[in-house]
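# Residue-level structure breakdown
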Amino acid sequence: MENQTENPGIVLVSEIYPDNLVVLPLENRPVLPGLALPLTFFNSKVIQYVDHALEKNNGFIGVSYVRNLNPKDYTQSELHHTGTLLKIIKIISRADDQIHFFAQALTRFHFRKEFVRDGIPFWQVEYEYDEKLVLTPELKAYTLAIINSVKELIKLNPMFQEQMKLALSQIGMEKPGLLMDLVASFLTADAAKQQTILETVNLYERSEKLLVLLREEIELNQLQQDIQKQIEEKISKQQREFFLREQLKVIKKELGLEKDDKASEIEALEKKIQRLKLSDEAAKVVEEEMTKLRTLETGSAEYQVSRTYLNWLTDLPWGIYSEDNFDLAKARKVLDQQHYGLDDVKQRILEFISTIIKRGKVSGSIICLVGPPGVGKTSIGKSIADALGRKFYRFSVGGMRDEAEIKGHRRTYIGAMPGKLIQSLKRTEVANPVIMLDEIDKIGASYQGDPAAALLEVLDPEQNSDFLDHYLDVRFDLSNVLFVTTANQLDTIPRPLLDRMEIIKLSGYILEEKVEIAKRYLIPKQREEHGLKASEVSITDPALVAIVDGYAREAGVRSLENQVKKIMRKVTLMQAENGTSKISVTQKNLADFLGQPVFTTEELYKKSIPGVTLGLAWTAMGGATLYIEASGIKGKGGGLKQTGQLGSVMQESSEIAYSYIRSKLSGEKSEANYFDDHFVHLHVPAGATPKDGPSAGITMALALYSLAKGKPVKKGLAMTGELTLTGKVLPIGGVREKTIAARRVKVFELIFPADNRKDFEELPDYLKEGITAHFVEYFDDVLKIANCTD
């Protein structure tokens, strides 16, 4: 700044520009002097500040770049202490909380102190302007270097051309400071670097910093230009190859050496159609679609839809059948090779296969394999396919909620597809595969439809010869398909669906069967999967018995296989760490491989106690044994309390048993008043396991009778049966599962309802061996067997 005393004709800056300014925060980047630019603010306080500047400050207002933003009120943000003075030229638009104005950036200012007047914050500022220095050779060299860099940048990026040329032509070298500010403002450098330029007053230092920014901008544009050049070269090469290929196609077509894509596709479809034995309906639809396809352009959306539809139609195995195996001995051999035990199940399947062989078709044959998890339902389905010599396809319907999964989507939808059944026929490439619908008891329903209802047509022998998929809209014969379904329980399968299926129950395996399965199938399979040889690891028979009894008591063999896997993994680790070549797993060292047994004996009582009986139960996991305990609490007034997470049916059974025993004992002298003087608590361990069903009726009644009489029930006796109020014992289900459960805990004397005699006699001999079965019609028969009578 020139001194006023040296030249009285010069007016001080402070006399032109106000000493006190309202300063607006800038969020994006600082404004450098010399620019004329529009600014927009979205804040009611800013509108107030702008109005004050126009009215009181001749349109002068300050702006400064935000150092730390205040997210709640950005007018309270912390600002850099060096900003730019603006002169508001014109208000372009304004609203309640928005203002848009045009302003000229004049000069720099530095913050001195802050104060508030009339509720408006002001900065007291000190202005900085470029000194009128003599254009020294050094400053001139800096200015020329900046101008040359700008020219180089213009060559690389034409976007800067108009702005930079205007700045260079109007300002030139006479005002190097203004030139530097304008050039810096046009660069894409980040806001912090531009703020550094604003804060640098010394022209030499500002020149050096600006040259660094210009060099960075030039290098960035050079890199961008190189990338652009590479992309253009690649596109140019691709275009050239495309044009050459198109020319080659035209040349080959003219010479008759090649056909275009459309002609090739139509010819391929015609060849496929000739090999198929289409139904009359399908042949008519295919002909209509082929005529339509010939008239459509390949680029149209309708062409793609029509082509996809024709591909599906012609990919289906119309009239293509695999040859069935009519050798029943071979079918038996296949079943015996792949499954141990399950003789009754295999017999039913062989009867089923023999009927198919006799009739020469499958029509009317739908099998439903029901049993606990891990008993081999899915693998038996595969064995049926192998026994018949047919292709096998499996898909799960568990959790399926969309009817379109079965019957397909209509072609009007984008991405429409046929249902799973049509897809399975395409995959197997024959019209008579074995299709397994897994987990049919877990099928769902939603607003998108009920898949179980859609399956009614599929699994109905009277309807599936004309199965209509929504996507194909052409009838396809499914009567030659053998459908096999699997389920864990029948309760959740809709009754109309259940009526269409032949039920084959797989109850589970006893200990001896599991040991044999492990020796024949599981151990060799897991040895191979873990890369072990038979000479490297062996598991003794007592060890296998201990594994089944202590670690894998479920009805199936899935848990048993997991335990064998665990042993094999331990063996591979021991070989890797210790170099052991031969490892033998025995009953003594079994705990080293599997830890302590998960299951202990289910026998809670070593000796008989009055009020305690052993019942037999059926669960989705197979058969189980459960104790029923009754205890009497002496006091005035009777009553009954049940615990053990009993379901509503089981609670009703306990109340029936309580009423019946109380009525029965009312005629006896010694125990006539027992239930009047005792509050009875009936408990079924384990308390954390939910239980329900009517088959524990006689077990509960015997526990109450034994309690009242003070006589223990005969040891080693288990029972099952539903009880009525008159003492009649009604039949129950799950005889096989309950018998297996009794054998597992070494209980060999059982009580069943008389109507279940036929079910017990149908059991295989190895299950009935050593079992003493009593069949009772009334509860009095139970008392005689249990030795609880006087």
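Summary of the structure given here. Residue numbers restart at each chain and count upward from 1, following the sequence in its written direction. The predicted origin of the model limits local features to residues at a pLDDT of at least 70 and limits the giving and counting of side-chain atom pairs to 80 or more, whereas totals for whole chains, interfaces and linings rest on all residues. The side-chain quantities take in all heavy atoms of the structure and omit both hydrogens and water.

## Thoughts on the side chain of R108
The helix and strand labels rest on DSSP assignments: H or I over at least four residues marks a helix, E over at least two residues marks a strand, and numbering proceeds from the N terminus. By the secondary structure assignment, R108 is in strand β7 (residues 99–117). The term polar contact refers here to a pair of N or O atoms within 3.5 Å; inside protein, the definition further demands a hydrogen-donor-capable atom paired with an acceptor-capable atom, and it admits residues adjacent in sequence only when both atoms are side-chain atoms. Among the polar contacts listed, one links the side chain of R108 to the side chain of D181, at a separation of 2.7 Å. Among the polar contacts listed, one links the side chain of R108 to the backbone oxygen of I197, at a separation of 3.4 Å.

## Observations regarding the packing of helix α18 (residues 511–529) against helix α20 (residues 558–578)
For any two helices packed against each other, one specifies the inter-axial angle together with the distance between the axes. Where α18 meets α20, the axes come as close as 10 Å, and the angle between the chain directions of the two elements is 45°. With respect to their mutual orientation, α18 and α20 come out oblique. Judged by the twist between their axes, the crossing of α18 over α20 is right-handed. Residue-level inspection shows K514, A518, L522, I523, K525, Q526 and R527 of α18 in contact with α20, the latter providing L560, E561, V564, K565 and M568. Its residues assigned to classes, the contact of α18 with α20 comprises 6 nonpolar, 1 polar and 5 charged. Here, axes are lines fitted to C-alpha atoms. For helices the fit covers the stretch in contact, and angles between N-to-C directions go from 0 to 180 degrees. An angle below 35 degrees is read as roughly parallel, one above 145 as roughly antiparallel, one from 65 to 115 as roughly perpendicular, and any other as oblique. Left-handed describes a crossing in which the near helix is turned anticlockwise from the far one by less than a right angle; the clockwise case is right-handed. Residue contacts are counted whenever heavy atoms from the two residues lie within 4.5 Å of one another. Amino acids outside the nonpolar list (Ala, Val, Leu, Ile, Met, Phe, Trp, Tyr, Cys, Pro) and the charged list (Asp, Glu, Lys, Arg) are all regarded as polar, and Gly is one of them.

## What to know about unusual backbone geometry
Where the residue is not glycine, phi is negative for most of them; where a peptide bond is considered, it is trans in most cases. We note that D473 has phi near 55°; this positive angle belongs to a residue other than glycine. Here D473 lies in the loop between β12 (467–468) and β13 (475–476). In this structure, Q645 is a non-glycine residue whose phi angle is positive, near 55°. Position of Q645 among the secondary structure elements: in the loop between β20 (639–643) and α22 (648–665).

## Description of a nonpolar patch on the surface
On the surface, L223, I227, I231 and I235 cluster together to form a nonpolar patch covering roughly 340 Å² of accessible area. By the secondary structure assignment, I231 is in helix α7 (residues 203–255). Using a 1.4 Å probe on the protein chains alone, a residue whose accessible area is under 20% of its type maximum counts as buried, one over 50% counts as exposed, and one in between counts as partly exposed. Given a relative accessible area of 41%, I231 falls into the partly exposed group. Patches in this entry comprise residues that are over 30% relatively accessible and not in a salt bridge; like charges within 9 Å are linked, as are nonpolar side chains (Val, Leu, Ile, Met, Phe, Trp, Tyr) within 5 Å. The method behind every accessible area is Shrake-Rupley, applied with a 1.4 Å probe, and residues are considered shielded solely by the protein chains displayed. Counted as salt bridges are all cases of a side-chain nitrogen of Lys or Arg within 4 Å of a carboxyl oxygen of Asp or Glu.

## Examining the sheet that holds strand β15 (residues 502–505)
Strand pairing within a sheet occurs via backbone hydrogen bonds; the two strands may be parallel or antiparallel. Taken in spatial order, the 5 strands of this open sheet run β10-β11-β14-β9-β15, and their pairing is parallel. Of all strands in the sheet, those with a lone pairing partner are β10 (392–396) and β15, marking the two edges. When the angles between neighbouring strand axes are averaged without regard to direction, this sheet yields 20°. Here, a strand pair is defined by DSSP locating no fewer than two bridges between the strands. As defined by bridge partners, strand β11 (residues 434–438) adjoins strand β14 (residues 482–487) across 4 bridges and the pair is classed as parallel.

## Re the packing of α18 against helix α19 (residues 541–551)
Contact pair α18 / α19: the axes reach a minimum separation of 9 Å and the direction vectors enclose 115°. When the interaxial angle is binned, α18 and α19 end up roughly perpendicular. Every pair of crossing elements has a handedness; the one defined by α18 and α19 is right-handed. Across from L511, K514, V515, A518, K519 and I523 in α18, the residues of α19 making contact are D541, L544, V545, V548 and D549. Here the residues of the contact of α18 with α19 sort into 7 nonpolar, no polar and 4 charged.

Nothing here speaks to function; it is geometry throughout.
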